Amino acid sequence: MITGEIRSKIDKIWDTMWSGGISNPLSVIEQLTYLLFIKRLDELQTLKESKAARTGKPIEEPVFSKAQDNLRWSRFKETAPDKMFVTLRDEVFPFIKQLGNNGDRDPEDSTYTHHMKDALFMMPTPRVLANVVDQLDSIEMADTDTKGDLYEYMLGKIATAGQNGQFRTPRHIIKLMVEMTAPTPKDKICDPACGTAGFLIATSEYLVKHHSDAIYRDEASRRRFNEGTFHGYDFDSTMLRIGSMNMLLHGVENPDIRYRDSLAQADDNEAEKYSLLLANPPFAGSLDYESTAKDLLQIVKTKKTELLFLALFLRLLQSGGRAAVIVPDGVLFGSSNAHKALRKMLVEEQKLDGIVSMPSGVFKPYAGVSTAILFFTKTNSGGTDQVWFYDMKSDGFSLDDKRTPQPDKSDLPDILSRWQNRKAETKRKRTEQSFCVPKVEIAGNDYDLSINRYKEVEYKAVDYDPPKVILQRLAKLEEEIGEGREELEGLLG
């Protein structure tokens, strides 16, 4: 969540581009993303140079060759506006469009190159470009969270944000979901509504942090990490470009990020292909019912995208595969046949592991919708004995539009700790923040998964004074009022 100074700087840059003639908000984001990407490439090169100087070894996989030194941000930003404009348009931009193509494969095989082939340099004048470069240069982008939040903020400025039920997932919620599912290098991970690839990036960071030895053990495992682990779909070309750029910046060279309408009928068979699904699919968005995949409609006959996405996850997951997905609260207690059928399917035919109920302010300032995170494992043979519930009160930020950081109030560390030690949760009372509910009780409640159905509210007794004491107090007050009135009348004569 960016606030204060950085937010003001982004607003100012946005205004500069807007007044310079780039009026389409998506184009503004695209052009800013290219510039941020170019800036980050220079920062990565500087990090590699520092490491080489420290170890006395040659630079590992340099981003720029010596002949390309003039393409670095730190070099061209010092040049005159006219020269900078020509350098960016004629040299830097073609250079970034070829990144990810390592020379030993067809350029069309690279996800990044594929999505970037239609990218256009649209900065209108040298003056606007120099102005934007100066302003961007003052923003520190080394922190991953800042970069992700900055994207989120820029995307939130699009007038259509939320129009199709697309809400950017806060980074700390993504991180929680990744840590709770604990990915391993053996996983094949998919987000069928990947947007800017936030879930895939957080997963790659988790894997590098916890399993770097296994990932970089040999060329085969390294290649698997770069090309076989991450899969994302979206039907927005701009998002695909931003997502693939984002992944490359985070060290994943050739992820499988593709144009695809996940709910539409497709020729290729993706069934049972993935072992881990992480997603915040669009809900309440428009749907072309006629083109919706027939096999999904066989699982659940509905026009609600959130239910169809859950059906899609069941189709995509391998047996034993697990999923963490954000759903609107209505999925948990909706009374339509489709709602009930899907909940019953999760409880009786699969293994529903847990539900984290989130407060309605988590998606503010973009939306005030109430949501929950579902955790389940595909078994096709049941396995739900009891379901773990957690009532999240705070995510570490205020729940109003300002989203002020409140790290002392965050429930996230407690959620992760309790999830990792769920055996000890079975004895918790229903009045506590987390507890377990047996499957038979859920079935008896028509598979209602709302936490309020099972949570017990503890009423505390309040002691009041006896009525006689209260009446005596009232009489004394009336006496004081009367004395005051008489005193006032005396003063007035």
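Keep in mind that this is a model prediction, so the values were computed, not measured.

Undergrad: Go over unusual backbone geometry with me, naming the residues and quoting the values.
TA: Despite not being glycine, glutamate 61 has its phi angle at roughly 45 degrees, a positive value. At glutamate 272, a residue that is not glycine, the phi angle is positive and equals roughly 50 degrees. Following the sequence through the fold, glutamate 272 ends up in the loop between strand S3 (256-259) and strand S4 (274-279). Taking relative accessible area as the criterion, glutamate 272 reaches 46% and is therefore assigned partly exposed.

Undergrad: Any chance you could break down the nonpolar core for me, citing the residues and the numbers?
TA: Ranked by size, the top nonpolar core spans 47 residues in total, and within it Ile96 and Met123 carry the most contacts. At the level of secondary structure, the elements contributing two or more residues to this core comprise helix H1 (4-20), helix H2 (25-55), helix H3 (73-76), helix H4 (81-97), helix H5 (111-116), helix H6 (126-137), helix H7 (144-156) and helix H11 (237-249). The element contributing the most residues to this core is H2, with ten residues.

Undergrad: Could you give an account of the confidence of the model for the protein chain, with specific residues and numbers?
TA: Mean pLDDT over the protein chain stands at 87; residues scoring 70 or higher make up 91%. When the criterion is pLDDT under 50, residues 159-165 qualifies, and its contacts beyond four places in sequence or with other chains add up to eleven contacts.

Undergrad: Describe in detail the packing of helix H13 (residues 305-316) against helix H15 (residues 337-349), supporting the description with residues and values.
TA: Two numbers describe how H13 lies on H15: the axes approach to 11 Å, and their chain directions differ by 30 degrees. Taken together, the axes of H13 and H15 are roughly parallel relative to one another. When the axes of H13 and H15 are compared, the crossing they make is left-handed. Residues Leu307, Leu310 and Leu314 of H13 pack against Ala338, His339, Leu342, Met345 and Leu346 of H15. Classifying every residue of the contact of H13 with H15 gives seven nonpolar, one polar and no charged.

Undergrad: Could you give me a rundown of a nonpolar patch on the surface, with the residues and numbers involved?
TA: Residues Ile470, Leu471, Leu474 and Leu477 make up a contiguous nonpolar surface patch of about 360 Å² in total accessible area. Following the sequence through the fold, leucine 471 ends up in helix H19 (residues 467-492).

Undergrad: Can you explain the sheet that holds strand S8 (residues 386-391)? Please cite residues and give values.
TA: Read across the open sheet, the nine strands follow the order S3-S2-S1-S4-S5-S7-S6-S8-S9; overall the sheet is mixed. Pairing within the sheet leaves two strands with one partner each, and these edge strands are S3 and strand S9 (434-438). With direction set aside, neighbouring strand axes in the sheet form an average angle of 15 degrees. Alignment of strand S1 (residues 189-191) against strand S2 (residues 230-234), held across three bridges, turns out to be parallel. Paired with cysteine 190 across the strands is histidine 231, a residue of S2. Against the sheet, helix H8 (residues 171-181) contacts S4, strand S5 (317-328), strand S6 (351-358), strand S7 (371-377) and S8, and its axis sits at roughly 155 degrees relative to S5.

Undergrad: Hey, could you go over the side chain of threonine 229 for me, with residue numbers and the actual values?
TA: Within the secondary structure, threonine 229 is located in the loop between helix H10 (219-228) and S2. Ignoring sequence-local partners within four residues, the contact set of threonine 229 consists of Asp187, Lys188, Ile189, Leu207 and Arg224.

Reading the values: the criteria
Residues numbered from 1 in each chain as written. Predicted model: local features only at pLDDT ≥ 70, side-chain atom pairs only at ≥ 80, totals over all residues. Heavy atoms only, no water. Helix = DSSP H or I, 4+ residues; strand = E, 2+ residues; numbered from the N terminus. Buried < 20%, exposed > 50% of the residue type's maximum accessible area, 1.4 Å probe, protein only. Core = buried A, V, L, I, M, F, W, Y, C linked by side-chain atoms within 4.5 Å. pLDDT = per-residue confidence, 0-100. Contact = heavy atoms within 4.5 Å. Axes fitted to C-alpha atoms, helices over the stretch in contact; angles between N-to-C directions. Parallel < 35°, antiparallel > 145°, perpendicular 65-115°, else oblique. Left-handed = near helix turned anticlockwise from the far one by under 90°. Nonpolar A, V, L, I, M, F, W, Y, C, P; charged D, E, K, R; others polar. Patch = residues over 30% accessible without salt bridge, like charges linked within 9 Å, V, L, I, M, F, W, Y side chains within 5 Å. Areas by Shrake-Rupley, 256 points an atom, 1.4 Å probe, with all protein chains shown as cover. Salt bridge = Lys/Arg side-chain N within 4 Å of Asp/Glu carboxyl O. Pairing = 2+ DSSP bridges.

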